[in-house]
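Topology and contacts: notes
Here is what each chain is made of, one letter per residue.
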Amino acid sequence: MRLDDTQGRPLRNLRLSVTDRCNLRCQYCMPEEEYAWLPRQEILHFGEIAALVDVFTGLGVDRVRLTGGEPLLRRELARLVTMLAAKPALRDLALTTNGILLGDQAQTLRDAGLGRVTVSLDTLRPERFTALTRRTTHAQVLEGIGAAVRVGFAGLKLDTVVIRGLNDDELVDLVEFARRAPAELRFIEYMDVGGATRWSMAQVVPRSEILAVLERRYGRIEPIVEDSSAPADRYRLADGTVFGIISSTTQPFCARCDRSRLTADGTWYLCLYAREGVDLRGPFRAGATPDELRALITGRWQARTDRGAEERLRLRDRAPLLGPGELRADPRLEMHTRGG
Ligand code: SAM
Ligand code: SF4
Ligand code: SF4
């Protein structure tokens, strides 16, 4: 089954946010003191999530990434992993985490059938981590990365949001750390998404600059040519080390975007930048049949025209997408609710 949008982009990747709660307060994602949270009774139960995933796999989704907020804060997440891992239609079941609770949960998650893990790691310096996240748990993140390797997750990835003046002096250190882990590092350009209320273009370190810094240290960097809908462009250093760059801000990849997002309260977004989502919880809890839900999703995906990041690129004076007031009024617009 392949369901295409108006531009021939299939519905294939689903990012599943299992909670809007987080145990960090990253400056680029949750910089405010107070947040409005999704009402507890609106959070989908595991059975509801699994049933909705079945509806999506019936339409061609074969990759699911669990995210949040911090997904490892969701109680008994491994139980959901077990339920999803049992679905033959899912070829790939992955998780993005800040790593803090991974030391405790890595083995259980692996035993439950989780396929792949990505850990966000923006700095190797504990005091910088504290300034960036307002928490003192850097050592736990490193422990979490160690645990992911130890329990045998293959293809571990580390994601680094690069911010000028904050961590752009650590690019080489992070490449070296990842090589030793071993893991594949991916640099992410700072994005002007919901939640990034302190974003400015001046703080974005573009892909070209990241490559120039690494080239000065490592010499020639070879682009890896591959036909993929993955957001990262991958590169190889002379010694064989591979890393990626996700240049969503300066060179967006909307043309091949096959991903959509389901928030913890069952709102489905067709683009990271979309203001409006499709309520799936309402119809589901009102007793809609799988066929009815499939029809709803099919109609919306077939009408999809979104190219949010490209539209942002065309703006002259680019400022944060949303202000704190708009985000408080609808917490689903937040990156930590949408899942990144
Ligand atoms: N809490 C988990 C974590 O941090 O890995 C999962 C959710 S988080 C929203 C998913 C990803 O979005 C993280 O890698 C994070 O660095 C990234 N992210 C959040 N805000 C961002 C921004 N303004 N620009 C670029 N990436 C961002
Ligand atoms: Fe940081 Fe992820 Fe939490 Fe956002 S959701 S504050 S990126 S750890
Ligand atoms: Fe896909 Fe929207 Fe991101 Fe473009 S901005 S890559 S369409 S989610």
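Everything discussed here concerns the structure shown above.
Residues numbered from 1 in each chain as written. Chains lettered and ligands numbered in written order. Predicted model: local features only at pLDDT ≥ 70, side-chain atom pairs only at ≥ 80, totals over all residues. Heavy atoms only, no water.

1. Some points on the layout of surface pockets
- Estimates place the volume of the second largest pocket at around 490 Å³.
- What lines the second largest pocket is a set of 14 residues, and nearest its centre among them are T19, R40, I43, R74 and R75.
- Here the residues of the lining of the second largest pocket sort into 5 nonpolar, 2 polar and 7 charged. (1 Å grid on protein atoms, 1.4 Å probe; cavity = no way out; pocket = protein on both sides within 12 Å on 5 of 7 lines; lining within 4 Å. Points joined across faces, edges and corners; volume = space filled by probe spheres on them. Nonpolar A, V, L, I, M, F, W, Y, C, P; charged D, E, K, R; others polar.)

2. Considerations on the pairing of strand 1 (residues 13-17)
- Of all the 5 residues making up strand 1, 5 are buried; the element is thus mostly covered by neighbouring parts of the structure.
- Judged by which residues are buried, strand 1 turns out to be covered on both faces: N13, R15 and S17 on one side and L14 and L16 on the other are all buried.
- Pairing geometry for strand 1 and strand 2 (residues 63-67), over 5 bridges, is parallel. When the bridges of strand 2 are listed, R15 appears paired with R65.
- With 4 bridges joining them, strand 1 and strand 10 (residues 259-262) adopt parallel strand pairing. If you follow L14 over to strand 10, its bridge partner there is S260. (Buried < 20%, exposed > 50% of the residue type's maximum accessible area, 1.4 Å probe, protein only. Helix = DSSP H or I, 4+ residues; strand = E, 2+ residues; numbered from the N terminus. Pairing = 2+ DSSP bridges.)

3. Describing the site of ligand 1
- Taken together, 20 residues lie around ligand 1, and Y28, G69, S120, V161 and M191 are the ones closest in.
- Contact between ligand 1 and G69: a nitrogen atom at 2.9 Å from a main-chain N or O atom of the residue.
- The backbone of T97 places a nitrogen or oxygen atom 3.3 Å from an oxygen atom of ligand 1.
- Considered on its own, ligand 1 offers 550 Å² of accessible surface; in the complex 95% of this is hidden by protein.
- Looking at the shell around ligand 1, the elements that each hand over two or more residues are strand 3 (92-97) and strand 6 (184-189).
- For the shell around ligand 1, a count of residues per class yields 9 nonpolar, 9 polar and 2 charged. (Near = heavy atom within 4 Å. Polar contact = N/O pair within 3.5 Å; in protein donor to acceptor, adjacent residues only side chain to side chain. Areas by Shrake-Rupley, 256 points an atom, 1.4 Å probe, with all protein chains shown as cover.)

4. Description of the packing of helix 6 (residues 171-180) against helix 7 (residues 207-218)
- Two elements in contact, helix 6 and helix 7, have axes whose closest approach is 10 Å; the angle formed by their N-to-C orientations is 70°. Taken as axis vectors, helix 6 and helix 7 run roughly perpendicular relative to one another. Between helix 6, through L171, V172, V175, E176 and R179, and helix 7, the contact on the second element is made entirely by I210, V213, L214, R217 and Y218.
- Among the residues forming the contact of helix 6 with helix 7, the class breakdown is 7 nonpolar, no polar and 3 charged. (Axes fitted to C-alpha atoms, helices over the stretch in contact; angles between N-to-C directions. Parallel < 35°, antiparallel > 145°, perpendicular 65-115°, else oblique. Contact = heavy atoms within 4.5 Å.)

5. Concerning the nonpolar core
- With 104 residues, the main nonpolar core has V64, L66, L109, L214 and W268 as its most contacted residues.
- Ignoring sequence-local partners within four residues, the contact set of V64 consists of L14, L16, V53, L84, L90, D92, L93 and A94. (Core = buried A, V, L, I, M, F, W, Y, C linked by side-chain atoms within 4.5 Å.)

6. Details of the pattern of salt bridges
- For the structure on display, the rule yields 35 salt bridges.
- Residue R304 pairs with D5 through a salt bridge whose shortest N-O separation is 2.9 Å. Highlighted residues: R304 in the loop between helix 9 (290-302) and helix 10 (308-313) and D5 in the segment before strand 1, separated in sequence by 299 residues.
- For D5, a relative accessible area of 5% translates into the label buried.
- Between R128 and E170 there is a salt bridge, with the nearest N and O atoms lying 2.7 Å from each other. (Salt bridge = Lys/Arg side-chain N within 4 Å of Asp/Glu carboxyl O.)

7. Observations concerning empty space enclosed by the protein
- Throughout the structure, instances matching the rule amount to 3 cavities of 30 Å³ or more.
- Taken as a whole, the largest cavity encloses approximately 50 Å³ of empty space.
- Lining the largest cavity are E32, E34, Y35, A36, P324, L327, R328 and E334.
- Each residue belonging to the lining of the largest cavity can be placed in one class, and the counts come to 4 nonpolar, no polar and 4 charged.
- Roughly 40 Å³ of volume is contained in the second largest cavity.
- Taken together, L16, S17, L44, I49, R74, L262, T263 and A264 form the lining of the second largest cavity.
- Per-class residue counts for the lining of the second largest cavity are 5 nonpolar, 2 polar and 1 charged.

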